Amino acid sequence: MTSKTANFITSIALFTVSFIVYLTTLAPTVWFIDSGELSAVASTLGIAHPTGYPLFTLIGHLFTLLPISSSQVYNLNLMSAFFCSLSIFMFAYLMKFLLDWHLMQSVTEKGKKTQQVKSAEKYSAPSQIVVYGIIIFSSLLLAFSRTFWDSANAVEVYPIHVFLL
């Protein structure tokens, strides 16, 4: 199995696990602080308090139109869970990139830059197991940290922001 395939499978598995857990703990209705205002704004294409959150409003309005639930607020809560899960997917890719880059730097420094390592597939199997262990552990740690999990369970602007970061 190539490194790209293994990374894709790992990222999809992390997305799926986090999304299923978020769905089981999803708020059924309006939750805390700005949840009600943001739900109303996304449903009616209104304007929220400053800064207005136009991207959230447009994407949220698309989610209110989906025939998933009869409750528009539930659909918006689902949007938060979806974008937080996508963030975990992207975080796993970022971790793989950073760990591969770090391992390549270590190999080229040991070889006094005489050997250029072109891909992560030249590493030994144990180092790849450690790399994927780090990716899985750190992604799950982020996914189930209190603040991240809270923003995944109710209508909030942060999940889209985290995904775009």
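Residues numbered from 1 in each chain as written. Predicted model: local features only at pLDDT ≥ 70, side-chain atom pairs only at ≥ 80, totals over all residues. Heavy atoms only, no water.

Caption draft 1: Layout of the nonpolar core. Membership of the largest hydrophobic core comes to 18 residues, with the highest contact counts inside it found for Tyr22, Ile88 and Ile135. Looking at this core, the elements with two or more residues in it are α1 (3–24), α4 (72–110), α5 (125–143) and α6 (146–152). Considering each element in turn, this core owes the most residues, 7 residues, to α4. With near-sequence residues (within four places) excluded, Tyr22 lies in contact with Ala81, Cys84, Ser85, Ile88, Ala143, Phe144, Phe148, Trp149, Ala152 and Asn153. (Core = buried A, V, L, I, M, F, W, Y, C linked by side-chain atoms within 4.5 Å. Buried < 20%, exposed > 50% of the residue type's maximum accessible area, 1.4 Å probe, protein only. Helix = DSSP H or I, 4+ residues; strand = E, 2+ residues; numbered from the N terminus. Contact = heavy atoms within 4.5 Å.)

Caption draft 2: Looking closely at the pattern of salt bridges. Per the counting criterion, the structure on display carries 2 salt bridges. Residues Lys96 and Asp100 are paired through a salt bridge, measuring 3.0 Å at the closest nitrogen-oxygen approach. With Lys96 and Asp100 both in helix α4 and 4 residues apart, the pair spans about one turn of that helix. One salt bridge in this structure joins Asp150 and Arg146, with 3.9 Å as the shortest N-O distance. Residue Asp150 and its partner Arg146 are located together in helix α6, separated by 4 residues, close to a single helical turn. Under the relative-accessibility criterion, Arg146 is labelled exposed at 68%. (Salt bridge = Lys/Arg side-chain N within 4 Å of Asp/Glu carboxyl O.)

Caption draft 3: Spatial organisation of helix α2 (residues 35–44). Within the span of α2, buried status applies to Ser35, Leu38, Ser39, Val41 and Ala42. End-on view of α2: buried residues confined to an arc of 165 degrees, all on one side of the axis. Phi turns positive one or two residues past the end of α2, at Leu45, with a value near 55 degrees. (Arc of directions from axis to C-beta.)

Caption draft 4: The arrangement of the packing of aromatic side chains in detail. Throughout the structure, instances matching the rule amount to 11 aromatic pairs. With a centroid separation of 6.3 Å and 90 degrees between ring planes, the pair formed by Phe8 and Phe89 is classed as edge-to-face. Here Phe8 is found in helix α1, whereas its partner Phe89 is found in helix α4, with 81 residues between them in sequence. Residue class for Phe89 comes out buried when judged on its relative accessible area of 14%. Each member of the aromatic cluster is reached from another via a ring pair, and the members are Phe15, Phe19, Phe63, Phe82, Phe83 and Phe163. (Phe/Tyr/Trp six-rings, centres within 6.5 Å; stacked < 30°, edge-to-face > 60°.)

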